[in-house]
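Letter by letter, the chains look like this.
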Amino acid sequence: RKIFQEFKDAVEYTKTMDKGSTNIQMITGQSASQVKETVDEFKQLGAEMHVTNTEIIASSENLLRAGYSAEEAKKMMSASLIGSKVSGQTAEVVSEQLITMKNSYDLSADSMEHYVDFISKMDNTSSTSFKEIADAVARTSFSAKTAGTDLDTLITYITTVSEKTRKP
């Protein structure tokens, strides 16, 4: 029975990876060999950060679907993986939060790890969690940017307001 289950798991893994590679190929328009190279880079990043390949594929699909190049997606993926480890959320969810922040504030993919670090710091120094901060930033970032509030200030406001509403 154990061998059968392991075989079934291997088949399921293969299907998931194949589907993800096919989706990436359709999203990017790359050839099969280019997609394999891109997926291998993502898998290497996942191995460095101790994340499963299926989680890497799901998150990379989100990032590539958002229009990022493979290089930008890799940088965003790194920030997403760090954020997921810190927050307990999936990399896919964190990547969606980061995409919203990046797009709202016209940030570079290189700067996303800074914001993951900043949100993590705010999480550690307040009673507000990474998830709560990132969700609130994702919901308010476009309006805040339009009003002239920079992202660091927005994150600080969210944490401060959250702290005040939690105190008796």
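The model shown is predicted, which means the values in this text are computed figures rather than measured ones.

What to know about the packing of helix α2 (residues 32–48) against helix α4 (residues 70–87)
Direction vectors running N to C along α2 and α4 enclose 20°, while the axes themselves pass 10 Å from each other. With respect to their mutual orientation, α2 and α4 come out roughly parallel. Along this stretch, α2 crosses α4, giving a crossing that reads as right-handed. Taking contact as the criterion, the partners of T38, E41, F42 and L45 in α2 are, on α4, A70, A73, K74, M77, S78 and L81.

Some remarks on the pattern of salt bridges
Throughout the structure, instances matching the rule amount to 4 salt bridges. Put simply, D40 and K36 hold a salt bridge, and the shortest N to O gap is 2.9 Å. Of this pair, D40 and K36 both sit in helix α2, 4 residues apart, which is roughly one turn of the helix. Across the salt bridge formed by K75 and D110, the nearest N and O atoms sit 2.9 Å from each other. Placement of the pair is K75 in helix α4 and D110 in the loop between α5 (91–105) and α6 (112–125), with a sequence separation of 35 residues. Accessibility expressed as a relative area gives 31% for K75, which makes it partly exposed.

So, the nonpolar core
Counting 42 residues, the largest nonpolar core has M76, L81, L98, V137, L151 and I155 as the members making the most contacts within it. Residue assignment for this core shows that the elements contributing at least two residues are α1 (2–28), α2, α3 (53–65), α4, α5, α6, α7 (130–146) and α8 (151–166).

Observations regarding the side chain of S126
Position of S126 among the secondary structure elements: in the loop between α6 and α7. Looking at S126, its side chain comes within polar contact range of the main-chain oxygen of M122, at 2.7 Å. Among the polar contacts made by the side chain of S126, one reaches the main-chain amide nitrogen of T128 at a distance of 3.2 Å.

Examining α1
Here α1 spans 39 Å end to end across 27 residues, near enough to the 39 Å set by a 1.5 Å rise per residue. Within the sequence span of α1, burial applies to M17, G20, N23 and I24. Structurally, α1 contributes buried residues whose contacts are with α2 and α3. Positioned one or two residues after α1, G29 has a phi angle of 75°, which is positive.

Here is what the cut-offs are and how they apply
- Residues numbered from 1 in each chain as written.
- Predicted model: local features only at pLDDT ≥ 70, side-chain atom pairs only at ≥ 80, totals over all residues.
- Heavy atoms only, no water.
- Axes fitted to C-alpha atoms, helices over the stretch in contact; angles between N-to-C directions.
- Helix = DSSP H or I, 4+ residues; strand = E, 2+ residues; numbered from the N terminus.
- Parallel < 35°, antiparallel > 145°, perpendicular 65-115°, else oblique.
- Left-handed = near helix turned anticlockwise from the far one by under 90°.
- Contact = heavy atoms within 4.5 Å.
- Salt bridge = Lys/Arg side-chain N within 4 Å of Asp/Glu carboxyl O.
- Buried < 20%, exposed > 50% of the residue type's maximum accessible area, 1.4 Å probe, protein only.
- Core = buried A, V, L, I, M, F, W, Y, C linked by side-chain atoms within 4.5 Å.
- Polar contact = N/O pair within 3.5 Å; in protein donor to acceptor, adjacent residues only side chain to side chain.
- Expected span 1.5 Å × (residues − 1).

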